[in-house]
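Observations on the model geometry
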Amino acid sequence: MKTSVNHIAIRKWFTFVVILCSYSLFAQSTDVFRLEYLNVPENDTGIKTQRYKALINVPIKLNEKKDYLITGLEYNRFDMGYSADLPYDKKEMIRFHIFDFNLGFLTKWNENWNFVTILTPRVASNLLDGVIGDDFFMNASAAFWKEKPKADKPYRIVLGLTYNSTTGIPVPLPLIHYYRRFDPNWSFVIGVPKSNLKYHMGNKHSLELALFLDGYFMNLQNDVVLDNGMVASRISLNSLVGTLGYQYNVTNNIAFFAIAGSTLVQEGKLRNSDRGEVYLFNNEANFYIRTGIKIGIF
C-alpha cells in the first residue's frame, strides 16, 4: 500500500466528510490540513465561547480498483466564559477538549454511484482527571453519492444516514445533499444539515451565504450539582446558524477564509447521564465569527 493523492477519488471522500461532519460544531472539511479559530462573543445570557482547531487527513490507496482507506486526526480546544450568575459551580466547565480519530473506506459501487463508510471514535470532555470511559463517543455513517464535476452544470447528490452521538440527538439522522453549479459564477447546496448559495468571483475570491446546524455534546468528568439538587454529567448545544463568508485562494490548494453571522436558534443545556435536560443555560442568539487557513486537495 502507498499514499496516493488521486484528486477525483479523494475529492469525493472529503466532500462526503464535510457534509457528514457539519452536524457537529467541530467539523471536518475538504482539507488535508487546517488551522481555525472560532469566536462566539458573549450574549444576553452571559455566555461566550472560543475554539481553536487543527486537523490533518491522509488518504491511502489500497489497490488498483481505487479503493481508499482514509485516516485522520482532529483536535479542538473549547474555552467558555460565564459572566451570569448561574445556579451551579462553573469552575470545571471552562475548558473542553475534543479528539476525533477518523477511519473510513471509499469504493466505487457501480458506474454512477460511489459508497463510503466512516467510523469516528471521539473523546469529548473537560479532561480534569485524564481520560475516563464516559469521555468516549462513537460516530458512524454510510452514504451513496453521484457526482458529475465536468458536466455543463456540475452537480452532486449524496444520500445516506449518520449516527453522531455528539450532536445530543442519539438516533440515526438523514444525510441529504444536492449541489449544483448552475452558472459560471453561482452555485448552491440544498440539504441537511447545511444549505448555501455561493458567488464565485473568478479563481481567487468567493462569497457564501450559508444556513447550517451546529452543536456539541461533551462529558463532565465530575458531576455538577445545581442549587435545587439536580445533577448534570453532560453539556450540549444545538443551534441553527446563518452566516456570510469570504474566501481568498492563495493557490489552487491554499486558502484563507472568514465567516460571520449569528445563531438564529440555540439551546445550551446541562444534561444527566440519560441525556435528560437538567438546566437550560443558553437560549439567546450569539454572534458567530470564524477564520483560518486551509490546505485542500482541490
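This text goes with the structure placed above it.
Here we summarise the structure given alongside this text. The model shown is predicted, which means the values in this text are computed figures rather than measured ones. (Residues numbered from 1 in each chain as written. Predicted model: local features only at pLDDT ≥ 70, side-chain atom pairs only at ≥ 80, totals over all residues. Heavy atoms only, no water.)

Concerning unusual backbone geometry
A positive phi is found at Leu127, a non-glycine position, where the angle reads about 50°. Mapping Leu127 onto the fold places it in the loop between β6 (114-125) and β7 (136-148). Phi angles above zero are rare outside glycine, and Arg275 is one such case at about 75°. In this structure, Arg275 sits in the loop between β14 (254-271) and β15 (277-282). Judged by its relative accessible area of 23%, Arg275 is partly exposed. (Helix = DSSP H or I, 4+ residues; strand = E, 2+ residues; numbered from the N terminus. Buried < 20%, exposed > 50% of the residue type's maximum accessible area, 1.4 Å probe, protein only.)

Quick look at the side chain of Thr107
Within the fold, Thr107 resides in strand β5 (residues 95-108). Beyond its immediate stretch of four places on either side in the chain, Thr107 contacts Asp67, Asn114 and Phe115. (Contact = heavy atoms within 4.5 Å.)

Structural notes on the nonpolar core
Met93, Ile235 and Leu270 are the most contacted members of the largest nonpolar core, which totals 23 residues. Of all the secondary structure elements, the ones that give two or more residues to this core are β4 (68-82), β5, β12 (205-225), β13 (231-249) and β15. No other element matches β12, which puts 5 residues into this core. Judged by nonpolar contacts, the second largest core, of 8 residues, contains Ile70, Val116, Val158 and Leu175. (Core = buried A, V, L, I, M, F, W, Y, C linked by side-chain atoms within 4.5 Å.)

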